[in-house]
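Descriptive structure summary
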Amino acid sequence: MPATTATEFDATFFRGLFGTDEASWTEFIGVSVNSFTESREQMARAISEGDMDTVSKVRHAIGPSLTQWGAVTLEGTLRRLDASNMGDLWPSIEPEFDALFTAFEAL
């Protein structure tokens, strides 16, 4: 099943905060990409180690930003992760992260 994050992604909320300040907008995109990249790596490591506490912390930290970027499928799937299913769900979450990064590249 193809990732839906690419079709949901919407930069309108954050873009409106920066107006014509392209330098700050570009910097903000970089910070967002770095944050999501680090979060993905932390999440993957935590899932492979069975560390639900870290999964919960990372999920909580990035959830609001994902929602504001319009990545609601990714955010919703992360919310469904629990100790009993995280290994099974993770393979369906990784393509959503890939779609998110592709959407950022298009900006």
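Presented here is an overview of the structure given in this document. (Residues numbered from 1 in each chain as written. Predicted model: local features only at pLDDT ≥ 70, side-chain atom pairs only at ≥ 80, totals over all residues. Heavy atoms only, no water.)

All right, on to the pattern of salt bridges then. Enumeration over the complete set of coordinates arrives at three salt bridges. One salt bridge connects Arg 40 with Asp 98, and the closest N-O pair in it is separated by 2.6 Å. Taken together, the positions of Arg 40 in helix α3 (residues 22-49) and Asp 98 in helix α6 (residues 86-106) put the pair 58 residues apart, joining distant regions of the chain. What makes Arg 40 buried here is its relative accessible area of 18%. Between Arg 79 and Glu 75 there is a salt bridge whose closest N-O contact spans 2.9 Å. Taken together, the positions of Arg 79 and Glu 75, both in helix α5 (residues 72-80) and four residues apart, correspond to about one turn of that helix. The class of Arg 79 is exposed, set by a relative accessible area of 54%. (Salt bridge = Lys/Arg side-chain N within 4 Å of Asp/Glu carboxyl O. Helix = DSSP H or I, 4+ residues; strand = E, 2+ residues; numbered from the N terminus. Buried < 20%, exposed > 50% of the residue type's maximum accessible area, 1.4 Å probe, protein only.)

Our next topic: the packing of helix α4 (residues 52-68) against α5. Between α4 and α5, whose axes approach to 9 Å, the crossing angle comes to 155°. Our classification of the angle between α4 and α5 gives roughly antiparallel. Between α4 and α5 lies a crossing of left-handed hand. Between α4 and α5, the residues in contact are Arg 59, Ile 62, Gly 63, Leu 66 and Thr 67 and Leu 74, Glu 75, Leu 78 and Arg 79, respectively. Residue composition of the contact of α4 with α5, grouped by class: four nonpolar, two polar and three charged. (Axes fitted to C-alpha atoms, helices over the stretch in contact; angles between N-to-C directions. Parallel < 35°, antiparallel > 145°, perpendicular 65-115°, else oblique. Left-handed = near helix turned anticlockwise from the far one by under 90°. Contact = heavy atoms within 4.5 Å. Nonpolar A, V, L, I, M, F, W, Y, C, P; charged D, E, K, R; others polar.)

Let us look at the packing of aromatic side chains. The final tally for this structure, using the stated rule, is 13 aromatic pairs. Between the aromatic rings of Phe 9 and Trp 69, the centroid separation amounts to 5.3 Å while the plane-to-plane angle is 5°, which identifies the pairing as stacked. In this pair, Phe 9 is assigned in the loop between α1 (5-8) and α2 (12-18) and Trp 69 in the loop between α4 and α5, connecting sequence segments 60 residues apart. For Phe 9, a relative accessible area of 14% corresponds to the buried category. On the accessibility criterion, Trp 69 (1% relative accessible area) is buried. Ring geometry for Phe 36 against Phe 104: centres 6.0 Å apart, planes inclined by 35°, an arrangement best described as tilted. Remark: Phe 104 occurs in helix α6 and Phe 36 occurs in helix α3; sequence separation between them is 68 residues. Judged by its relative accessible area of 4%, Phe 104 is buried. (Phe/Tyr/Trp six-rings, centres within 6.5 Å; stacked < 30°, edge-to-face > 60°.)

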